Amino acid sequence: MTTHSNTPAGWYADPQGTPNLLRYWDGSQWTEHTNTGQAGPVPQQPANNAWELNVDGGHDPSKVQRQVQHQAGVAPAGGGGGTLFSEPILVVNQKAKLIELNNEYSVFDQQGRSLGSVSQVGQSTARKVLRFVSSVDQFLSVKLEVRDAHGQPQLLLTRPAKFIKSKVIVQRPDGQTLGEIVQQNAIGKINFSFEVNGQKIGAIKAENWRAWNFAIVDHTETEVARITKTWEGLAKTMFTTADNYVLQIHRPLSEPLLSMVVASALTVDTALKQDSRGLG
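Residues numbered from 1 in each chain as written. Predicted model: local features only at pLDDT ≥ 70, side-chain atom pairs only at ≥ 80, totals over all residues. Heavy atoms only, no water.

Attention now goes to the overall build of the protein. Within the protein, the secondary structure is distributed over 4 helices and 18 strands. Residues counted as buried form 49% of the 280 residues belonging to the protein. On the protein, roughly 13,200 Å² of surface is accessible, and the fraction owed to carbon and sulfur atoms is 54%. (Helix = DSSP H or I, 4+ residues; strand = E, 2+ residues; numbered from the N terminus. Buried < 20%, exposed > 50% of the residue type's maximum accessible area, 1.4 Å probe, protein only. Areas by Shrake-Rupley, 256 points an atom, 1.4 Å probe, with all protein chains shown as cover.)

A few words now on unusual backbone geometry. Look at the link from Glu 255 to Pro 256: it is a cis peptide, with omega at 5 degrees. When you line up the elements, Pro 256 lands in the loop between strand 18 (244-249) and helix 4 (257-271). With a phi angle near 55 degrees, Asn 197 is a residue other than glycine that sits in the positive phi range. Relative to the helices and strands, Asn 197 resides in the loop between strand 14 (191-196) and strand 15 (199-206). At Glu 221, a residue that is not glycine, the phi angle is positive and equals roughly 70 degrees. Position of Glu 221 among the secondary structure elements: in the loop between strand 16 (213-218) and strand 17 (223-230).

Turning to the confidence of the model for the protein, a few remarks are in order. Overall, the predicted model of the protein reaches an average pLDDT of 75, with 62% of residues at or above 70. Low pLDDT, under 50, characterises residues 1-5; the stretch is placed with 17 contacts to residues that sit more than four places away or in other chains. Contacts of residues 127-136 to residues separated by more than four positions or lying in other chains number 26 contacts, the stretch itself having pLDDT below 50. (pLDDT = per-residue confidence, 0-100. Contact = heavy atoms within 4.5 Å.)

Here it is in structure tokens:
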């Protein structure tokens, strides 16, 4: 069973059809599980891109729980439905790499259960070479595909080529445009507006000039959600390209605001923080 680095974390049937045997992919390696409780690691599958140096240590649910409760300071919340659009808390962790040529994120609930993944799509080999040798890539168009825990596309997020300000187009998998996340300023505390058919339905507002924590408001300027950047550790901060965030949704939201809020948590790194990363 050939698996690439963009395979969503989760449970999979044995490719040989062995009864009572399941395989779990944690983002870095396979683990076999049987009904006897025995488990053993399976050699890691080939990476999607041999140039990338992956330093992730695997998925640990308890680590995600600590990230939510202790690092982000978010208390446990009930009422989750087990999907990207029905959980009150989403944990968005970028895959840690020494050299990153393809943006990849894992999304978990507050208990550390996998809800889905985000992967950059549509990059050519020439584009990856450009990204390796320079920082020019940050100004080019970026497309991210949001997938659920079963690998099914849920949203397509496109950041067109940029110069100073970013814009993210949010679409359904069938290409239907839900709205746009539009950067309003380039100096000071960065703000984005949520726009649907030219009408502002909400906004995401940085709470400091480094754009690490954000308040998300609706059209009445009432806070409906919050994004908190969590500390990924000194080693990862200094030597890798990982950024981790916790999204806390305060109350049930209707569409299209709900999808815009979820999309904002999944794209804040691409829209802003990637500008300061890379070898160039």
